[in-house]
Amino acid sequence: MRYNEWRVSYGLLQNINGAIAGGGVSKSLSNVRKSSTKMLSVIREKERPLPNAWYRYIGCRKFSMLLLIAFALLVFALGSFVVNKDSTSPNVLQRIGTLGTVPYVNGGHHEASQILGEKDKKKDENRFQIPAFKGASVLPFRHPCVNFTFPPPPPPTRRRLGPRPCPVCYLPVDQAIASMPSSSSASPVLHNLTYVLNENPIKSEPHGGSDFGGYPSLKQRNDSFDIKESMAVHCGFIKGSKPGHGTGFDFDESDLAELQQFHDIIVASAIFGNYDVIQQPQNISEEAKKNIPFYMFVDEETEAFMKNRSILSSSKRVGLWRIVVVHNVPYSDARRNGKVPKLLLHRIFPNVRYSIWIDGKLQLVVDPYQVLERFLWRQNANFAISRHYRRFDVFVEAEANKAAGKYDNSSIDEQVDFYKIEGLTPYSEAKLPITSDVPEGCVLIKEHIPITNLFTCLWFNEVDCFTSRDQLSFAIVRDKIMTKVDWSINMFLDCERRNFVIQSYHRDLLEKMPPPVPAVVRRPPALPNTRGKTPGKRIPRRGRDRRSGSSRHCKAAASNRDRNFF
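What comes next concerns the included structure. Because the structure is predicted, anything quoted here is derived from the model rather than measured.

Looking at the packing of helix α12 (residues 334-343) against helix α17 (residues 450-465)
No. 1: Where α12 contacts α17, the two axes come as close as 10 Å, and the packing angle between them is 175°. Regarding the angle of α12 to α17, the classification is roughly antiparallel. Here R336, K339, V340 and L343 of α12 come into contact with α17, specifically with T456, W459, F460, V463 and D464.

A look at the sheet that holds strand β11 (residues 490-492)
No. 1: Reading across the sheet, the 8 strands line up as β5-β6-β4-β3-β7-β10-β9-β11 and stay open at both edges, with mixed pairing between neighbours. In the strand order of this sheet, the two ends are held by β5 (317-318) and β11, each with one partner.
No. 2: In this sheet, strand β6 (residues 321-326) lies alongside β5 in antiparallel orientation, the contact comprising 2 bridges. If you follow R317 over to β6, its bridge partner there is R322.

Side note on the pairing of β6
No. 1: Counted residue by residue, β6 has 6 buried out of 6 residues, so it is predominantly covered.
No. 2: Here β6 shows no split at all, with W321, I323 and V325 on one side and R322, V324 and V326 on the other all buried.
No. 3: With 6 bridges joining them, strand β4 (residues 294-299) and β6 adopt parallel strand pairing. Paired with M296 across the bridge in β6 is I323.

Notes on the packing of aromatic side chains
No. 1: In this structure the tally under the stated criterion is 25 aromatic pairs.
No. 2: With a centroid separation of 4.9 Å and 65° between ring planes, the pair formed by F212 and F237 is classed as edge-to-face. One end of the pair, F212, is in the loop between β1 (192-195) and α8 (218-223); the other, F237, is in the loop between β2 (230-233) and α9 (253-259), with 25 residues separating them in the sequence.
No. 3: The exposure class assigned to F212 is buried, which follows from its relative accessible area of 4%.
No. 4: The exposure class of F237 is buried, given its relative accessible area of 1%.
No. 5: Consider the rings of F212 and F460, whose centres lie 6.0 Å apart with planes at 80°: the pair is edge-to-face. With a gap of 248 residues between them, F212 in the loop between β1 and α8 and F460 in helix α17 connect regions that are remote in the sequence. Neither F212 nor F460 differs from the other in exposure class; each is buried.
No. 6: Grouping aromatic residues by their ring pairs yields a cluster made of F212, F237, F249, F251, F272, Y295, F297, Y331, F349 and F460.
No. 7: Across from the ring centre of F375, 5.0 Å away, lies the NZ or CZ of R374, which sits over that ring.
No. 8: In this arrangement the basic side chain of K480 is found over the ring face of F225, its NZ or CZ atom lying 5.3 Å from the centre.

Calculation rules
- Residues numbered from 1 in each chain as written.
- Predicted model: local features only at pLDDT ≥ 70, side-chain atom pairs only at ≥ 80, totals over all residues.
- Heavy atoms only, no water.
- Axes fitted to C-alpha atoms, helices over the stretch in contact; angles between N-to-C directions.
- Helix = DSSP H or I, 4+ residues; strand = E, 2+ residues; numbered from the N terminus.
- Parallel < 35°, antiparallel > 145°, perpendicular 65-115°, else oblique.
- Contact = heavy atoms within 4.5 Å.
- Pairing = 2+ DSSP bridges.
- Buried < 20%, exposed > 50% of the residue type's maximum accessible area, 1.4 Å probe, protein only.
- Phe/Tyr/Trp six-rings, centres within 6.5 Å; stacked < 30°, edge-to-face > 60°.
- Lys NZ or Arg CZ within 6 Å of the ring centre and 35° of its normal.

Below, the structure written as structure tokens:
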């Protein structure tokens, strides 16, 4: 009931009650009718509807929906204006800048991108395309990998119980190239590194060493860990005027000229003693094939084998690899000869910015630009190596090497005991954020700056003086440098390494393996010949084969299904 109608009815009741109280019921009723008629006519006049044209528009559902949409758009526009106005305030921008400087962590992500306005998005897109930072630990807000998380590991199976690769988020090649720093990273404290040259090195102390390494004394070794602005250290190639020329790890003149060229990035590997089979890189972009040379160092024994098998021609190329033959190798141990290019690439290539070293048994399956962006530039690191997938303690690694016969036990014990005297302790949580003391040293990703060159020089000196097992000497060199300068190494997960390199077997194991068994094609059994038999005739079963009627029925039904399937 409307309010006016309710008011009229209430007035009528009052008039009726008054007439009853006064005694003139019939007269008053007629008066009531007249007054009520007048009041209702007045009300109807006031509530006369709008003209028909307006009524049709307002009553139309489509028109009402348009009004609602217009109202919603107006509210959204006003809200966006308020948010944009607030987002440009100094406090919000300061908070965004703080979130943007959080370093990338595997499996982690930022929330800064959720509070950026349109202007900040454009700034970040420009910043991502032309990085203003050296390295990339400060990720752009819109980095495609910022929300990447590791999926749960697959369940173990009987066929594959060992370590497996895990997913890695790489940038597209063009974006990885765009993120390469335009200038070299700063080298903490050390700015000028030179190398000792000695035509006639003499062994003056009982510990190991070689003519190639120069026999540094214990005092010279200790002084090399005292980081200064300018330093001169032993770093192989002691004899001769320059590396590769009369030094005991020599190259042809044509190769020497090639190794002196400037390159932003190189990929290098080595096979000595004909120990491995050359693995061709896969998934390499055209830009990388054009700008990144791949060098494979081999000794004369490996060269002769390749020529006999017609693998190596006069062009000195095998697929993507440019073959560099090494003459006058300094060691009788092929593994130790392989440590020269592995750890001293900065001496062989004096005009290179970045290098990726992979052991000869590995196959690179990810573009070098993507590898460098993921493990160096994104992390603002200048040296990266994967940690061992199982062991993280040097003393445990030493026992594993002895058990596997990797080197004679007395030499391993002598090296570990020497490091104990120098203060090496078993790995514990006290070393955090260092996550491991044992690397999986088959891949080295490096920027060639003085501090990283010093690290690999001193690491090589340990390999030259002690055993060739470089996993044992890695931690002592790293820790001694880190106590002097603010520098660290990116030790990433081994499953990430297995994502971009595939590990093969050494040649001797491959030759001992039996040839692969050809696949056997299994054919379905021939259908039984039922011609000439009386349908429905049962053959009686005897002894154990006798079954109940229901069992025979199930067996027959299953047999019929199998026949239909075949």
